Amino acid sequence: MMTFRGFVEKYRMLKMTNQKGTTVHGYETNIRAHYLPEFGDIQLSEITVEAVQTFVNQKAKEGKAVQTLKNLKWGLSSIFRAAMKYGYMTSNPARGADLPPEEVREQKNSPLAVNSSS
């Protein structure tokens, strides 16, 4: 059985050595600050869509921006895809997790904003 933390060590050697420095920095930040505290000692096979959804929901509740939530989900998905590739998981629990809806923001200089004030 492989824990999330144990696989992340393998992931760093197998996958992150082929990434750009900025990509590695972003992944490492998310691994240390978000993923390991949440999933570190859990067996990969026990991480469910529900657990990932709970993680995303908690980060949204903390006020993380939608783009940050997307990055967190994409990063987890990449780790789980690699775990599948190397035979440690049979499915990717991040794929089933939903992101919150993005807020619709009206642009100040958009034609709709100009027309609606007429």
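Keep in mind it's a predicted model, so treat the numbers as computed, not measured.

J.: Mind showing me how you'd approach the nonpolar core here?
T.: Counting residues in each nonpolar core, the largest one holds 23 residues, and the members touching the most others are Phe 4, Leu 44, Val 52, Leu 76 and Phe 80. At the level of elements, helix H1 (4–14), helix H2 (21–39), helix H3 (49–61) and helix H4 (66–85) are the ones that each hand at least two residues to this core. In terms of residues, this core owes the most to one element, H4, which gives 6 residues.

J.: I'm lost on the pattern of salt bridges in this one. Help?
T.: In a structure, side chains of opposite charge can pair up when their charged atoms sit close to one another. Per the counting criterion, the structure on display carries 5 salt bridges. The partner of Asp 41 in a salt bridge is Arg 5, with the nearest N and O atoms 3.2 Å apart. With a gap of 36 residues between them, Asp 41 in the loop between H2 and H3 and Arg 5 in helix H1 connect regions that are remote in the sequence. Judged by relative accessible area, Asp 41 falls into the exposed class, the value being 62%. If you follow the salt bridges from partner to partner, you end up with Glu 9, Arg 12, Glu 28 and Arg 32 in one network.

J.: What am I meant to see in the packing of aromatic side chains here?
T.: Two measures describe an aromatic ring pair: the distance that separates the ring centres and the angle between the ring planes. For the coordinates displayed, the defined rule picks out 8 aromatic pairs. Seen in terms of ring centroids, Phe 4 and Phe 39 are 5.8 Å apart; in terms of plane orientation they differ by 50°. Their pairing is tilted. Of this pair, Phe 4 sits in helix H1 while Phe 39 sits in helix H2, and the two are 35 residues apart along the sequence. Of the two residues examined, Phe 4 and Phe 39, each falls in the buried class. Between Tyr 35 and Phe 55, the ring centres sit 6.2 Å apart and the planes meet at 55°, which makes this aromatic pair tilted. A residue pair is termed long-range when its members are at least 10 positions apart, and Tyr 35 in helix H2 and Phe 55 in helix H3 qualify at 20 residues.

J.: Help me out: how do you make sense of a positive patch on the surface in this one?
T.: A surface patch of like charges, here positive, comprises Lys 15, Arg 81, Lys 85 and Arg 95. Structurally, Arg 95 is set in the loop between H4 and helix H5 (111–116).

J.: Explanation requested: the packing of H1 against H4 in the structure shown.
T.: Between two packed helices, both the angle of their axes relative to each other and the distance between the axes serve to describe the pair. Where H1 meets H4, the axes come as close as 10 Å, and the angle between the chain directions of the two elements is 85°. Here H1 lies roughly perpendicular to H4, going by the angle between them. Across the interface between the two elements, Phe 4, Phe 7, Val 8 and Tyr 11 of H1 pack against Leu 76, Ser 78, Ile 79, Phe 80, Ala 82 and Ala 83 of H4. Grouping the amino acids of the contact of H1 with H4 by side-chain chemistry returns 9 nonpolar, 1 polar and no charged.

J.: Can you walk me through H3 in this structure?
T.: Side chains that are three or four residues apart share a direction in an α-helix, a result of its 3.6 residues per turn. Taking 1.5 Å of rise per residue, the 13 residues of H3 would be expected to cover 18 Å, and the 18 Å separating its terminal C-alpha atoms lies within 8% of that figure. All buried positions along H3 are accounted for by Val 52, Gln 53, Phe 55, Val 56 and Lys 59. Along H3, the residues classed as buried sweep out an arc of 160° about the axis, all on the same side. Turned more than 90 degrees away from the buried face of H3 sit Glu 50 and Lys 61, all of them exposed. Positive backbone phi, at 95°, marks Gly 63, one or two positions downstream of H3.

Reading the values: the criteria
Residues numbered from 1 in each chain as written. Predicted model: local features only at pLDDT ≥ 70, side-chain atom pairs only at ≥ 80, totals over all residues. Heavy atoms only, no water. Core = buried A, V, L, I, M, F, W, Y, C linked by side-chain atoms within 4.5 Å. Buried < 20%, exposed > 50% of the residue type's maximum accessible area, 1.4 Å probe, protein only. Helix = DSSP H or I, 4+ residues; strand = E, 2+ residues; numbered from the N terminus. Salt bridge = Lys/Arg side-chain N within 4 Å of Asp/Glu carboxyl O. Phe/Tyr/Trp six-rings, centres within 6.5 Å; stacked < 30°, edge-to-face > 60°. Patch = residues over 30% accessible without salt bridge, like charges linked within 9 Å, V, L, I, M, F, W, Y side chains within 5 Å. Areas by Shrake-Rupley, 256 points an atom, 1.4 Å probe, with all protein chains shown as cover. Lys, Arg positive; Asp, Glu negative; His and termini not counted. Charge placed at Lys NZ, Arg CZ, Asp CG, Glu CD. Axes fitted to C-alpha atoms, helices over the stretch in contact; angles between N-to-C directions. Parallel < 35°, antiparallel > 145°, perpendicular 65-115°, else oblique. Contact = heavy atoms within 4.5 Å. Nonpolar A, V, L, I, M, F, W, Y, C, P; charged D, E, K, R; others polar. Expected span 1.5 Å × (residues − 1). Arc of directions from axis to C-beta.

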